[in-house]
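Understanding the architecture of this molecule
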Amino acid sequence: MKKINILALGVALAIFVAPAFGQDLGSQLAKVAGKNAESYLSPFLSGLGADLNSGFYHSADLHGTLGFDVGIKFGVTLVKDADKTFDFELPATISFNSINLTAGQDYDQVVTGSPTAVGGTGGIPVKVKSTSPLVALRGQTIFTTPPGFDLSIVPLAVPQVSVGLPFGLEVIGRFIPTIKAGDAGKVSFVGFGLRHDIDQYIPLFPVDIAVHFMTQKLTFNDNSDKKIMSASATAFGVEVSKSLVLLTVYGGFQIESSKWEVEPFKYKYTDDPLVPKVDSPGFSIDGKNKSRFHAGVRLLLLFINVHADYSFAPNPVATAGVGITFR
């Protein structure tokens, strides 16, 4: 199987801060068709979706007209132990060395504790049962479930630009042109959002209040430009903040969604060269997070801002950012 470095893919997404791992994603998908593929990928892709919907702001005090903010947003979704394994389901029959084996009789059809994409790096071997009538094959490994990448976090970083407009509006942009990430394939990313100043309508209100909307799209193709998967993310919410000299305390509530569309692909459950690949239909994966509360702080030194916040949600996210601000 091809080897890739997750850092290369992360750079294409903006900067994936994670250790290197083996196994080409396409090759992994080829061994986890249908329901297995969804279960295998869901924790990883749901985490990325949560990262995408993070870090839109660090203050509810919007920029004035043509004021701007340029920076990098780092999102880190925390991986829960429950998301590291799943029950891998094998087909009713498997061809091994041109011999047909039957589930239940010759091997266990359900493999408990198989790693997801964020799970351990060792797959679970499936062996011919000691009670199988195929005496010569007893104890032989006929298949090993795909390994995970042993991740405790799912990180993502994206560049962001915010520009103030008249009438208390602010536009947000996120963009990465199509970038080749080695054997991992090609990634492109774009996002657009708007924020609006609410406290301008409430004279002498003691805190800043704003609302926001954001939509994003990420596409991952192989090196022949065939689409492998794509993601869409949408969020809207309300935020408040209070500035205390150099320090700003902020927080808010957000309703959000993320969805991944995985394209159809070919696969086979065994490495037997005599067994042909078959077609697997595409499928979609919805992110776990539907809403979140979050709170954070920003430190502003002249025109340099550094901020961090934490989101309370099914997929908890810690977000940090650094940038240049001109109001």
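Residues numbered from 1 in each chain as written. Predicted model: local features only at pLDDT ≥ 70, side-chain atom pairs only at ≥ 80, totals over all residues. Heavy atoms only, no water.

1. Thoughts on the overall build of the protein
- In terms of helices and strands, the protein carries 3 helices and 19 strands.
- Burial status across the protein gives 50% buried among its 327 residues.
- For the protein, long-range pairs separated by at least 24 residues make up 65% of all intrachain contacts whose partners lie at least 6 apart in sequence.
- Working note: accessible area of the protein is about 14,600 Å², and carbon and sulfur atoms make up 65% of it. (Helix = DSSP H or I, 4+ residues; strand = E, 2+ residues; numbered from the N terminus. Buried < 20%, exposed > 50% of the residue type's maximum accessible area, 1.4 Å probe, protein only. Contact = heavy atoms within 4.5 Å. Areas by Shrake-Rupley, 256 points an atom, 1.4 Å probe, with all protein chains shown as cover.)

2. A short note on the pattern of salt bridges
- Following the criterion strictly, the structure yields 8 salt bridges and no others.
- A salt bridge links aspartate 83 to lysine 288, with the shortest nitrogen-to-oxygen separation between them at 2.9 Å. Of the two residues, aspartate 83 is situated in the loop between β1 (68-78) and β2 (85-89) and lysine 288 in the loop between β16 (283-286) and β17 (291-301); the sequence distance between them amounts to 205 residues.
- For aspartate 83, a relative accessible area of 13% gives the class buried.
- Taking relative accessible area as the criterion, lysine 288 reaches 41% and is therefore assigned partly exposed.
- It is possible to trace a salt-bridge network through shared partners that takes in Glu170, Arg195 and Glu239. (Salt bridge = Lys/Arg side-chain N within 4 Å of Asp/Glu carboxyl O.)

3. Focus: the nonpolar core
- One finds Phe44, Leu45, Leu90, Tyr107, Ile142 and Trp260 to be the most contacted residues of the largest nonpolar core, which totals 43 residues.
- The element that contributes the greatest number of residues to this core is helix α3 (residues 34-52), accounting for 7 residues.
- With near-sequence residues (within four places) excluded, tyrosine 107 lies in contact with Leu90, Pro91, Ala92, Thr93, Ile94, Leu101, Thr102, Val126, Lys127, Lys129 and Ile142.
- Core analysis: the next-biggest nonpolar cluster, separate from the first, contains 6 residues, Phe56, Tyr57, Met214 and Tyr250 among them. (Core = buried A, V, L, I, M, F, W, Y, C linked by side-chain atoms within 4.5 Å.)

4. Regarding the side chain of lysine 73
- Residue placement: lysine 73 occurs in strand β1.
- Aspartate 69 is the oppositely charged side chain nearest to the buried, salt-bridge-free lysine 73, at an N-O distance of 4.8 Å.
- Within polar-contact distance, the side chain of lysine 73 engages the side chain of histidine 307 at 3.1 Å.
- Setting aside its immediate chain neighbours within four residues, lysine 73 contacts Gly55, His58, Leu156, Ala157, Val158, Gln160, Arg174, His307, Ala320 and Gly321. (Lys, Arg positive; Asp, Glu negative; His and termini not counted. Polar contact = N/O pair within 3.5 Å; in protein donor to acceptor, adjacent residues only side chain to side chain.)

5. Things to note about the pairing of strand β10 (residues 186-197)
- One ladder, built from 10 bridges, connects strand β9 (residues 169-180) with β10; its direction is antiparallel. Paired with lysine 180 across the bridge in β10 is lysine 186.
- The pairing of β10 with strand β11 (residues 208-221) spans 12 bridges and is antiparallel. Among the inter-strand pairings, valine 190 is bridged to a residue of β11, identified as lysine 217. (Pairing = 2+ DSSP bridges.)

6. Section: the confidence of the model for the protein
- Per-residue confidence for the protein averages 85 on the pLDDT scale, and 85% of its residues sit at or above 70.
- Element-level pLDDT for the protein is lowest in helix α1 (residues 6-13), with a mean of 34, against a maximum mean of 97 in strand β18 (residues 304-312).
- Within the model, the stretch residues 1-25 combines pLDDT values under 50 with 64 contacts to residues more than four positions away or in other chains. (pLDDT = per-residue confidence, 0-100.)

7. Considering α3
- The end-to-end C-alpha distance of α3 is 25 Å, a good match for the 27 Å that 19 residues give at a rise of 1.5 Å each.
- At serine 42, α3 is deflected by roughly 50 degrees, the largest bend along its length, and proline proline 43 occurs up to four residues later in sequence.
- Where burial is concerned, most of α3 is hidden: 14 out of the 19 residues are buried. (Expected span 1.5 Å × (residues − 1). Bend = angle between axes of the 7 residues up to and from the residue.)

8. What about the packing of aromatic side chains?
- Under the counting rule described, the total for this entry stands at 7 aromatic pairs.
- With 6.0 Å between their ring centres and 50 degrees between their planes, phenylalanine 86 and phenylalanine 88 make a pair best called tilted.
- Each member of the aromatic cluster is reached from another via a ring pair, and the members are Phe68, Phe303 and Phe326. (Phe/Tyr/Trp six-rings, centres within 6.5 Å; stacked < 30°, edge-to-face > 60°.)

9. As for the side chain of asparagine 305
- Inspection of the secondary structure puts asparagine 305 in strand β18.
- What makes asparagine 305 buried here is its relative accessible area of 0%.
- Here aspartate 69 takes part through its side chain, which lies 3.3 Å from a polar atom of the side chain of asparagine 305.

10. Examining unusual backbone geometry
- Not every positive phi belongs to a glycine, and phenylalanine 167 is a case in point at roughly 65 degrees.
- Tracing the chain through its elements places phenylalanine 167 in the loop between β8 (153-165) and β9.
- Accessibility expressed as a relative area gives 72% for phenylalanine 167, which makes it exposed.
- In this structure, leucine 302 is a non-glycine residue whose phi angle is positive, near 55 degrees.
- Secondary-structure assignment places leucine 302 in the loop between β17 and β18.
- Under the relative-accessibility criterion, leucine 302 is labelled exposed at 79%.

11. Let's talk about the environment of glycine 113
- Secondary-structure assignment places glycine 113 in strand β5 (residues 110-115).
- The class of glycine 113 is partly exposed, set by a relative accessible area of 29%.
- Through-space distance from the C-alpha of glycine 113 to that of lysine 84 is 8.5 Å; in sequence the pair is 29 residues apart.
- Among all residues touching glycine 113, those that are not within four sequence positions of it are Thr85, Phe86, Asp87 and Ile124.

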